[in-house]
Amino acid sequence: MYAMVAAGLALMLGVARLINFAHGEFFMLGAYAFWFGYSELGLPYPVAAVLAPAVMVAFGVAYQRSVIRAILPRSWHVQLIATLATSIVLTNLAIIVLGTQPKEVPTALSSRVLDVGGVRVVWQRLLVLGASLAIFWALQRFVARTRTGRAMRALSQNREACAVVGVDVQRVAMVTFALSAALAAAAAALVSPLFNIFPDMGTGLTLKAFAAVVAGGFGYVNGAIAASFLIGLTEALAGSYVSYAYKDAIAFLVMIAVLLWRPQGLFGRRIGI
Amino acid sequence: MRLALTLATLLLLAFSAGAQAPPIKIGFASAMSGPAAITGEGVRWGATLAVEEINAKGGVMGRKIEAFFADNKAQPGEAVSAVRKLADVDQVDVIIGQTHSGACLGAMPVVKEIGVPMVIEACSHPKIRELSGKGGNEWTFRVALDDEIMAYTFARYMARQHVKTSSILAMNNDFGRGAATAYDAAFKKAGVKLLSTEFFDPGQPDYRPVLTRLKRANPETILAVILASDGAPFMRQFRELGLTQRIFSRGSLGSAEFLHQVRDNPKIGDGVVEASYWITGLDPEWDRKWTERYKIPPRIHGSLAAITLRWAVVPALEIALKKHGKADRQTIRAALEEVDVKDSPLGPIKFDANHQAWINMILIEMNDGQLRILEKLPTSPALLN
Amino acid sequence: MRRATAVALGALVVAAPWVIAAAVPRQQRYVLHVLVFTALFAALALSYDLVVGHVGSLSLAHPAFFGIGAYTAAILATAAGWPFLADLLAAALLAAVVAALVGVPLFRLTEHAFAVGTLGLAVVAGIVANNWVEVTRGPLCITGIPKPRLGGLAITTLPGYYWLALGALAAVALLYRGLTTFRLGRAFHAVRDNEPLASSAGIDPLKYRLLAFTVGAGLAGAVGALYAHYLSVMCPEEMTIGLTVNLLVIVFLGGVGSLRGVLVGAVLFTALPEVLRLAPTWRLVIYGLLLLVVVVRSPEGLDSLLRRLGARVGR
């Protein structure tokens, strides 16, 4: 789950050179959109699960046109503060509009358990794993095969050259944004049946996603994915075997250690910001 | 002549209008923003409903109540600001609240300095009892039971049920930590062996690592200090992993709120025994009004604030008004010491030398989507021996 | 600012307790309390701006140093009975030492990795404060921190706290001024604006960054100690990431890299909510929007925006 959120963040970073601290809120809003579709409108799970990313794509585009276009040329400090401000606004608006009571979206798969030789897993978790892998594979193909995808890659490598060659930078940036939002929302739709939905759920996630993006090699999507898996794994292991209370601390310390050992991230090449 | 009469009548009317007594101002402080905002929201709703009700019946001996709210963000620093705002800016005569132990502890020195009585509706830190009352902070009073009192009572009950071993799973905040410390000592006294203690961060969604650790420790029972909002994912994952321990809970796991969260499969909560001092059903009239107004089952903190208002503060106001003809901070404080209510929904409310009210503890069992009161246990200082 | 206005303003600030008592007698204590918070926050923001504004390193670790200072003072005062000035000094020193130790490896990272590294430090410090119950009492908080005593004088009244906080702010502001002007200031700015050029000119970026980081941390620790003594209670909730967000808002809203800007930001941030008196969640929404607008239109903060407006109006 971390991986999908981090991948979206990394995409934006690498391609659009943008730090988006409001990314966690994409996840949160995606979760609420899913809840709305599934619980309030009564749509079946797959429809609601596709609705959420669709809604978030629209939101992502709106966000890009309003806020992002203004801060894109600025320094990353400005980007950070501006997106942080957006995050504050979104989280608190969510509290006002949606209320503090956590929402639950149990689905058929989240209650049924699969028992394989003593290891018990709810079907939904398998869905999360399967869907994530499918989505990553699709993402890879998109970036490697389609024109837009290749344009995105080119943009991340050399912005000026792209403008010269005639790539529509604005359009590609918008697509990247939309994709990023959709990824976060899809993650939310997959994961929400397992957990609670509440307005604060995005904030911690943004921090971890940011850490994963940097540790994986700034802007390199596969690196971010790998790093997120590393964080998730460390947390789970530390939580089970060392100490549950300190697991977040341990995960972060591991991240820092990785960065110290390889300052450009696990797989990264420096993007030189 | 007629002019003089009209003037006189007008003057008389003006005087009698001005002679209408000013409202009694009551301040409510809780976590209105931040991660614990759900508790402050409950307090605000509960207080609003209760105050409206009282005013609709004519107020307290003819005096209306005006409610003011302040945000303590569940932090001691903000609690100080909240108290000062209520006392200095809003000029309230009495404060109800704080809800969170850190905030209570931060607020206590300030209410003493300013000289405004504060009646605590939910903070569970035992230190509050030690610090309040005669010889200590004479301005703070508490209606809720603290962890020490509840732990000793609950542990003794568990021992009576022939429980031999247990593990504690608690929220990693002031509530959970305080409870864990109390139960550690209480288990020892009651003869229950404590195998392990685990803490989790409220609001985080993944309980599998901690459940794995609990599985490994293999206790007979789990003492869970957890709220309904976390309880729902916790119980789902508990069942998912196929754990079978008996769960004894202290928080709001066994509650209407929890059942609302798991309404797709209420049997998830079967067998949980909850120790509390409040539950829906103690005051059906209140439950009905709340549900009608807010469309969800009554929330614990809101209901506690309302009960504190109606059965502790209002009696004190009445005593103050009868005895002294006025209800200001000093008279309310003195009056609180004389409050002696036998039959509030929580049980008897009478503040002892430490300004603690020894209300009833209730044991609730959750089964098949229903909550059933198992036992009502009166409490008293003798329990702590 | 003209000399006369500056002196008048200074006199007003010092005489504030009496002015307030005359203007709003019943609310005097509340207003003073808000001013104490404002002064402490301003001092903290200045210490933060040293690192973010003048050396250009986006550190997210400030809550850790604030917390280390606060807890050191709290523990020394309650468990070991240390006098106020001694635990204040110890708090500042310990925070500075931790910063120095952590800074050396962290500054070798790229800018973004540095941010993540400092974030990690803040997260770890918060978790330790919450869980190392033997020392910090975790969420049960350290209570009963005694009031500050300067020599024989015990500070127990609100005007007294106000002057203490004011004095601290003045000291921090002076230090800030001293560090950011003259040659040292120029060296800092050189490192911030053009690192390769600076190092080729013989200015070692690592040394200067570390200096700003350490001093900033020490000051933050000192403010933490003052805060703990003022509240007489210290809990882990006071040193969360939320504090960084607040500091970022103050510094960037007011004016990053400028003394007046940060002061303006601090006043706005602490005093404005009291004036607005809105529901807390709406207040945060307004902050967010305000910050967004300001940072987009005028990245140097309100201060430079106002200055530009003032220039246009043509004093």
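The structure displayed is predicted, hence computed values, not measured ones.

J.: What should I look at first to understand the overall build of chain A in this one?
T.: Scanning chain A for helices and strands turns up 12 helices and four strands. For chain A, the residues scored as buried account for 59% of the 273 residues in total. Expressed as a percentage of contacts within chain A between residues at least 6 apart in sequence, the contacts between residues at least 24 apart total 74%. With an accessible surface of roughly 10,500 Å², chain A has 67% of that area assigned to carbon and sulfur atoms.

J.: I keep staring at the environment of G136(B) and nothing clicks. Help me out?
T.: Residues and elements named next belong to chain B. With respect to the element layout, G136 can be found in the loop between α5 (126-131) and β5 (140-142). Judged by its relative accessible area of 23%, G136 is partly exposed. The spacing of G136 and Q75 is 61 residues in sequence and 23 Å in space, taken between C-alpha atoms. Apart from the residues within four sequence positions on either side, G136 is in contact with K112 and L131.

J.: Any chance you could explain the state of the cysteines here in plain terms?
T.: By definition, a disulfide links the sulfur atoms of two cysteines through a covalent bond. Residues and elements named next belong to chain B. Applying the stated criterion to the full structure yields one disulfide over all chains. Here C104 pairs with C123 through a disulfide, and the sulfurs are 1.9 Å apart. Of note, the bridge from C104 to C123 carries an S-S torsion of about 80° and is right-handed in sense. One end of the pair, C104, is in helix α4 (residues 101-114); the other, C123, is in the loop between β4 (118-120) and α5, with 19 residues separating them in the sequence.

J.: What is the right way to read the pattern of salt bridges from this model?
T.: Proximity of charged atoms lets side chains of opposite charge pair with each other. Residue and element names in this part refer to chain B. Taken as a whole and judged by the stated rule, the model has 28 salt bridges over all chains. Across the pair E198 and R213 runs a salt bridge, and its minimum N-O distance is 3.0 Å. One end of the pair, E198, is in strand β7 (residues 193-200); the other, R213, is in helix α8 (residues 208-217), and 15 residues separate them in sequence. A relative accessible area of 7% places E198 in the buried class. What emerges from the salt-bridge pattern is a single network uniting E53, D283, E285, R288, K289, E292 and R310.

J.: Got a minute to help me understand the interface of chain C and chain B in this structure?
T.: A common way to report how large an interface is uses the accessible area buried once the components associate. Facing 25 residues of chain C, the contacting portion of chain B comprises 28 residues. Interface of chain C and chain B: buried area, both sides summed, is about 2,400 Å²; carbon and sulfur atoms make up 57% of it. Considering only the side of chain C, the residues that lose the most area to chain B are R29(C), Y30(C) and L140(C), jointly responsible for 24% of the buried surface there. Inspection of the chain C/chain B interface yields one salt bridge. The partner of D88(B) in a salt bridge is R29(C), and the shortest N-O contact between them spans 3.8 Å.

J.: Can you help me understand helix α2 (residues 28-54) of chain C in this one?
T.: For the α-helix, the turn length of 3.6 residues means that residues three or four positions removed from each other point alike. All names here are of chain C. The terminal C-alpha atoms of α2 lie 37 Å apart, and with 27 residues this matches the ideal 39 Å at 1.5 Å per residue to within 8%. Of all the bends in α2, the largest measures some 35° and sits at Y48. One or two residues past the end of α2 sits G56, with phi positive at roughly 75°.

J.: Mind showing me how you'd approach the packing of helix α3 (residues 62-79) of chain C against helix α5 (residues 111-131) of chain C here?
T.: For any two helices packed against each other, one specifies the crossing angle of their axes together with the interaxial distance. Residue and element names in this part refer to chain C. Packing of α3 against α5 brings their axes to within 9 Å, and their N-to-C directions diverge by 30°. Viewed along their axes, α3 and α5 adopt a mutual orientation that is roughly parallel. The segment α3 lies against α5, with A64, F65 and Y71 engaging L121, A122, A125 and A129.

J.: Quick question: what am I supposed to make of the nonpolar core here?
T.: The nonpolar side chains of soluble globular proteins are, as a tendency, buried together. Counting residues in each nonpolar core, the largest one holds 171 residues, and the members touching the most others are L46(C), Y48(C), F65(C), L248(C) and F252(C). If near-sequence neighbours (up to four positions away) are discounted, Y48(C) is found in contact with L58(C), S59(C), L60(C), H62(C), T244(C), L247(C), L248(C) and V251(C). Counting residues in each nonpolar core, the second largest holds 108 residues, with A228(B), A232(B), L259(B) and F351(B) among its members.

J.: I keep staring at the sheet that holds strand β6 (residues 165-171) of chain B and nothing clicks. Help me out?
T.: The strands making up a sheet are joined through hydrogen bonds of the backbone, oriented either antiparallel or parallel. Residues and elements named next belong to chain B. The seven strands are arranged β7-β6-β8-β9-β10-β13-β14 in an open sheet whose pairing can be described as mixed. Here the strands that pair on one side only, and so sit at the sheet edges, are β7 and β14 (370-377). Strand after strand, the sheet turns through a mean of 20° between neighbouring axes, direction not considered. Its contacts with the sheet put helix α9 (residues 228-240) on β6, β7, β8 (221-225) and β9 (246-250), and the angle it makes with β9 is roughly 170°.

J.: Looking at this structure, I do not really get helix α6 (residues 147-160) of chain B. What am I missing?
T.: Residue and element names in this part refer to chain B. Between its first and last C-alpha atoms α6 spans 20 Å; for 14 residues at 1.5 Å apiece the expected length is 20 Å, and the two agree. Burial runs high along α6: 10 of the 14 residues are buried. Along α6, the residues classified as buried are D147, I149, M150, A151, Y152, T153, F154, A155, Y157 and M158. Looking one or two residues past α6, H162 carries a phi angle of roughly 65°, positive in sign.

J.: Help me understand the side chain of T165(B) in this model?
T.: Residue and element names in this part refer to chain B. Relative to the assigned elements, T165 resides in strand β6. A polar side-chain atom of T165 sits 2.9 Å from the main-chain amide nitrogen of E220. Apart from residues no more than four positions distant in its own chain, T165 is found in contact with V192, K193, L195, P219, E220 and T221.

J.: Would you take a moment to explain the environment of A256(B) for this structure?
T.: Residues and elements named next belong to chain B. As for its position among the elements, A256 is in helix α10 (residues 256-261). Looking at A256, the relative accessible area reads 18%, which means it is buried. Residues A256 and I296, 40 residues apart in the sequence, show an inter-C-alpha distance of 9.3 Å. The contact partners of A256, leaving out residues within four places of it in the chain, are T280, P297 and L371.

J.: Looking at this model, I keep getting lost on the pairing of strand β11 (residues 340-344) of chain B. Mind explaining?
T.: The side chains of a regular strand alternate, residue by residue, between the two faces of the sheet. Both β11(B) and strand β12 (residues 347-350) of chain B contribute to a ladder of three bridges, which runs antiparallel. If you follow V341(B) over to β12(B), its bridge partner there is I349(B).

J.: Explanation requested: the side chain of D87(C) in the structure shown.
T.: Residue and element names in this part refer to chain C. Tracing the backbone through its elements, the reader meets D87 in helix α4 (residues 84-106). A relative accessible area of 0% places D87 in the buried class. Those residues in contact with D87 that sit more than four places away from it in its chain are A73, L76, A77, W82 and H229.

J.: Help me understand the packing of aromatic side chains in this model?
T.: Here a ring pair, both rings aromatic, is described through the centre-centre distance and the interplanar angle of the planes. All names here are of chain B. Following the criterion strictly, the structure yields 23 aromatic pairs over all chains and no others. When the ring of W45 is compared with that of Y294, the centres are 4.6 Å apart and the planes differ by 10°; the resulting orientation is stacked. Residue W45 is located in helix α2 (residues 37-56), and its partner Y294 is located in helix α11 (residues 284-294); the two are separated by 249 residues in the primary sequence. Taking relative accessible area as the criterion, Y294 reaches 14% and is therefore assigned buried. Taken together, the ring pairs connect F154, Y157, Y183, F187 and F248 into an aromatic cluster.

J.: I would appreciate a short explanation of the sheet that holds strand β3 (residues 94-97) of chain B in the present structure.
T.: All names here are of chain B. On the basis of which strands lie adjacent, the open sheet formed by five strands has the order β2-β1-β3-β4-β5 and parallel pairing. The sheet is open, and its two borders are formed by β2 (65-71) and β5, each paired with just one other strand. Direction aside, the axes of adjacent strands within the sheet are offset by 25° on average. The sheet strands contacting α2 are β1 (24-30) and β2, and the helix crosses β2 at an angle near 175°. Here helix α12 (residues 300-324) sits on the sheet in contact with β1, β2, β3 and β4, set at roughly 150° to β1.

J.: What should I look at first to understand the confidence of the model for chain B in this one?
T.: Note that predicted coordinates carrying low pLDDT should not be read in detail. Residues and elements named next belong to chain B. The share of residues in chain B with pLDDT of 70 or more is 94%, and the mean pLDDT across the chain is 85. Model confidence for chain B, summarised as mean pLDDT per element, is weakest for helix α1 (residues 2-18) at 52 and strongest for β4 at 93. Scored by ipTM, the complex comes to 0.74, with pTM at 0.79.

J.: Please clarify how a nonpolar patch on the surface should be interpreted in this entry.
T.: Side chains of L9(C), L12(C), V13(C) and V19(C) sit close together on the surface and give an oily, nonpolar patch of about 310 Å² of accessible area. Residue position: L9(C) is located in helix α1 (residues 3-23).

J.: Is there a simple way to explain the pairing of β8(B) in this structure?
T.: Residue and element names in this part refer to chain B. Of all the five residues making up β8, five are buried; the element is thus mostly covered by neighbouring parts of the structure. Going residue by residue along β8, you find T221, L223 and V225 tucked away on one face and I222 and A224 tucked away on the opposite face as well. The pairing of β6 with β8 spans five bridges and is parallel. Looking at the pairing, S166 lines up with T221 of β8. In terms of handedness, the path from β8 via α9 over to β9 forms a crossover that is right-handed.

J.: Help me understand unusual backbone geometry, please; the structure alone is not making it clear to me.
T.: Most peptide bonds take the trans form, and the phi angle of most residues other than glycine is negative. Residues and elements named next belong to chain B. Positive phi values are uncommon outside glycine, yet A74 reaches one of about 60°. Considering the arrangement of structural elements, one finds A74 in the loop between β2 and α3 (76-89). In this structure, Q98 is a non-glycine residue whose phi angle is positive, near 85°. Structurally, Q98 can be placed in the loop between β3 and α4. Of the residues examined, Q98 reaches a relative accessible area of 0% and is grouped as buried.

The rules behind the values
Residues numbered from 1 in each chain as written. Chains lettered and ligands numbered in written order. Predicted model: local features only at pLDDT ≥ 70, side-chain atom pairs only at ≥ 80, totals over all residues. Heavy atoms only, no water. Helix = DSSP H or I, 4+ residues; strand = E, 2+ residues; numbered from the N terminus. Buried < 20%, exposed > 50% of the residue type's maximum accessible area, 1.4 Å probe, protein only. Contact = heavy atoms within 4.5 Å. Areas by Shrake-Rupley, 256 points an atom, 1.4 Å probe, with all protein chains shown as cover. Disulfide = S-S within 2.5 Å. Salt bridge = Lys/Arg side-chain N within 4 Å of Asp/Glu carboxyl O. Buried area = accessible area lost by both parts, 1.4 Å probe. Expected span 1.5 Å × (residues − 1). Bend = angle between axes of the 7 residues up to and from the residue. Axes fitted to C-alpha atoms, helices over the stretch in contact; angles between N-to-C directions. Parallel < 35°, antiparallel > 145°, perpendicular 65-115°, else oblique. Core = buried A, V, L, I, M, F, W, Y, C linked by side-chain atoms within 4.5 Å. Pairing = 2+ DSSP bridges. Polar contact = N/O pair within 3.5 Å; in protein donor to acceptor, adjacent residues only side chain to side chain. Phe/Tyr/Trp six-rings, centres within 6.5 Å; stacked < 30°, edge-to-face > 60°. pLDDT = per-residue confidence, 0-100. Patch = residues over 30% accessible without salt bridge, like charges linked within 9 Å, V, L, I, M, F, W, Y side chains within 5 Å. Right-handed = clockwise from strand over helix to strand, strands pointing away.

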